[in-house]
Amino acid sequence: MKKIFITSLLAMISLALQAQPNEVKLTYSQQADKSGVKEYAKSVGMFVARPEVKTVKGRSTAVWHMTNMDWIKDYCEAKGVAIEKDYQRIFPEMANMPLGDQPIIPMSWRLTEENHETVLHCYFRMPADEVTNLWLTSEETSLVDQETGIQYRIRRTEPDTYRKHFTVKAKKGDVIDLKIFFAPLPETTKDIRIYGIPNWGMMGMPVTIRQQYHGTAQYYDTIPQFHKPRLLKEHMSENKPYDRQNWNTWKVMTDAHLIKPLADGTMALWRTPEATYLAIGYEQNWTTEYWSFEYDTKLIDETGHQYRLREVLGLPLDELFFMEGMAGDYVAHVLVFDPLPLELTKFTYIAPAGEPFNAWGANWSGCVLPLDVQTLRQNQKRFEYHPRVIVK
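Residues numbered from 1 in each chain as written. Predicted model: local features only at pLDDT ≥ 70, side-chain atom pairs only at ≥ 80, totals over all residues. Heavy atoms only, no water.

Colleague: Help me understand unusual backbone geometry, please; the structure alone is not making it clear to me.
Modeller: In this structure, proline 159 follows glutamate 158 across a cis peptide bond, with omega equal to -5°. Along the chain, proline 159 turns up in the loop between strand S11 (156–158) and strand S12 (165–169). Phi is positive for asparagine 115, which is not a glycine, with a value near 50°. Along the chain, asparagine 115 turns up in the loop between strand S6 (104–114) and strand S7 (117–125). Positive phi is not limited to glycine here, since aspartate 318 has a value of about 70°. Its location among the elements puts aspartate 318 in the loop between strand S25 (306–312) and strand S26 (321–324). Note on aspartate 318: relative accessible area 41%, which makes it partly exposed. (Helix = DSSP H or I, 4+ residues; strand = E, 2+ residues; numbered from the N terminus. Buried < 20%, exposed > 50% of the residue type's maximum accessible area, 1.4 Å probe, protein only.)

Colleague: What am I meant to see in the pairing of strand S2 (residues 53–56) here?
Modeller: Moving residue by residue along a regular strand, the side chains alternate between the two faces of the sheet. By the bridge criterion, four bridges tie S2 to strand S3 (residues 59–63) in an arrangement that is antiparallel. Its bridge partner lying in S3, valine 53 is registered against alanine 62. The loop that links S2 with its antiparallel partner S3 comprises two residues; one of these, lysine 57, has a positive phi angle of about 55°. (Pairing = 2+ DSSP bridges.)

Colleague: Explanation requested: the sheet that holds S26 in the structure shown.
Modeller: Hydrogen bonds between backbone groups are what pair the strands of a sheet, and the pairing can be parallel or antiparallel. The strand order across the open sheet formed by four strands is S18-S19-S26-S23, and the pairing between neighbours is mixed. With one partner strand each, in any of the chains shown, strand S18 (230–233) and strand S23 (288–291) form the two edges of the open sheet. Each adjacent strand pair in this sheet contributes to an overall mean axis angle of 40°, direction not counted. Direction of pairing for S18 relative to strand S19 (residues 251–254): antiparallel, over a ladder of three bridges. (Axes fitted to C-alpha atoms, helices over the stretch in contact; angles between N-to-C directions.)

Colleague: Just checking my understanding: could you explain the pattern of salt bridges for this structure?
Modeller: Note on pairing: side chains with opposite charge can pair once their charged atoms come close. Inspection of the entire model under this criterion finds 17 salt bridges. The salt bridge partner of glutamate 139 is arginine 163, with a shortest N-O separation of 2.8 Å. With glutamate 139 in the loop between strand S8 (130–135) and strand S9 (142–145) and arginine 163 in the loop between S11 and S12, this residue pair connects regions lying 24 residues apart in the sequence. Using a relative accessible area of 38% as the deciding quantity, one classes glutamate 139 as partly exposed. The network of salt bridges with common partners includes Glu77, Lys79 and Lys169. (Salt bridge = Lys/Arg side-chain N within 4 Å of Asp/Glu carboxyl O.)

Colleague: Mind showing me how you'd approach the environment of leucine 232 here?
Modeller: Along the chain, the position of leucine 232 falls in strand S18. Between the C-alpha atom of leucine 232 and that of methionine 253, which follows or precedes it by 21 residues, the distance is 5.1 Å. Those residues in contact with leucine 232 that sit more than four places away from it in its chain are Val252, Met253, Thr254 and Glu324. (Contact = heavy atoms within 4.5 Å.)

Colleague: Hey, could you run me through the nonpolar core in this one?
Modeller: Buried together is how nonpolar side chains tend to be arranged in soluble globular proteins. In terms of nonpolar packing, the biggest core is built from 38 residues, with Leu120, Phe124, Ile197 and Trp200 touching the most fellow members. Of all the secondary structure elements, the ones that give two or more residues to this core are strand S1 (38–49), S6, S7, S8, S12, strand S13 (175–182), strand S14 (191–195) and strand S15 (205–208). Aside from chain neighbours lying at most four places away, what touches leucine 120 is Trp109, Arg110, Leu111, Leu178, Lys179, Ile180, Phe182, Ile194, Ile197 and Met202. Counting residues in each nonpolar core, the second largest holds 28 residues, with Tyr307, Phe337, Leu340 and Val373 among its members. (Core = buried A, V, L, I, M, F, W, Y, C linked by side-chain atoms within 4.5 Å.)

Colleague: For this particular structure, what's the right way to read the sheet that holds S2?
Modeller: In spatial order, the strands read S2-S3-S8-S12-S4; together these five strands make up an open sheet with mixed pairing. Where the open sheet ends on each side, the last strands, each with one partner, are S2 and strand S4 (75–77). Looking at each pair of strands side by side, their axes are set apart by 25° on average, direction ignored. Bridging between S8 and S12 involves four bridges; their strand directions are antiparallel.

Colleague: Would you mind going over the packing of aromatic side chains with me for this structure?
Modeller: Any two aromatic rings considered together are summarised by their centre-to-centre distance and by the angle between their planes. One pass over the full model with this rule turns up ten aromatic pairs. Pairing tryptophan 250 with tyrosine 290 gives two aromatic rings, centres 6.4 Å apart and planes at 65°, and the pair type is edge-to-face. Of this pair, tryptophan 250 sits in the loop between S18 and S19 while tyrosine 290 sits in strand S23, and the two are 40 residues apart along the sequence. One aromatic cluster is present, built from ring pairs that chain together Trp247, Trp250, Tyr290 and Phe322. When the ring centre of phenylalanine 91 is taken as origin, the NZ or CZ atom of lysine 42, which lies over that ring, is 5.8 Å away. Its guanidinium or amino end placed over the ring of phenylalanine 181, arginine 156 lies 3.9 Å from that ring's centre, counting from NZ or CZ. (Phe/Tyr/Trp six-rings, centres within 6.5 Å; stacked < 30°, edge-to-face > 60°. Lys NZ or Arg CZ within 6 Å of the ring centre and 35° of its normal.)

This is how it looks when you write it as structure tokens:
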């Protein structure tokens, strides 16, 4: 049965500040690069009520809220707790919030890669000089990749407070940095959930991972998986060498990648270190339709740099062919280009005009389309394979 932890923390004010891909500028990225720290995600986090503070002989104390861990009796005083001096630079939105007596406390966090480990920094602003009954983590703590299901279990904490309630002594108003260490995440990781850190609201909390490039938040996609068309006939009806002007010599393909209905010409983009994948959705109006993808199709960025077309997955390049399916199908064809740089946010898709040919006197005009990387990446799920369903 699923365990549910109910704490007083989650009844307090919270902020939905989970960063989305490409939305956060890493204002201190040069410093991070020099120190070898790669930032994956961060959040000011939820705000919780400050515990009651008592002052005796000039020294203040507070007892932290109960976290439903009463069955764990191990207790310690945390030694060597790090003080985060750059808290307001990491979270500039907090610069105007005084460090003194406030009715609420931000439970901020930051996920990084440091020295070949993944580090979750849990920040805690001291409401008093001494805080007792704090709780950080136990064996339940893990990061779970939402694509692969791989679980990255906790390795250790700094200071050592693993599976213990603990006391922290520091200056009132200081922001302490409690660290949790995990194995390194692969560069392809995109979405995770964080478990087992109740005081920071992390009991299955979703987090989008950002990879850091040139001071902006970016990450690579995994190679998309598409249903590849297959060759049905080498020639339509005449066993002769391919002749653009004789449609009887064209190849006949079938089993295109099927998708749910969408507007003709809708596109989606995947970027990997090795290649760029551009899927284009089409409506099939006839059982057998002709197509062509020209070698001169290209992507071009704002500097004029061109990214060449390498192939169209499973389909002929630079020759006319037929695609056999069913009228009413929606299909996706996938063009593979040279890799786009991660810092690139916009580019132009250029397809040349088709030369006239004898099949019904057909030809087609070219196109020049300005495109936005983030918009195209948001379309990825629209290109998932959707088998044909027929009701008679």
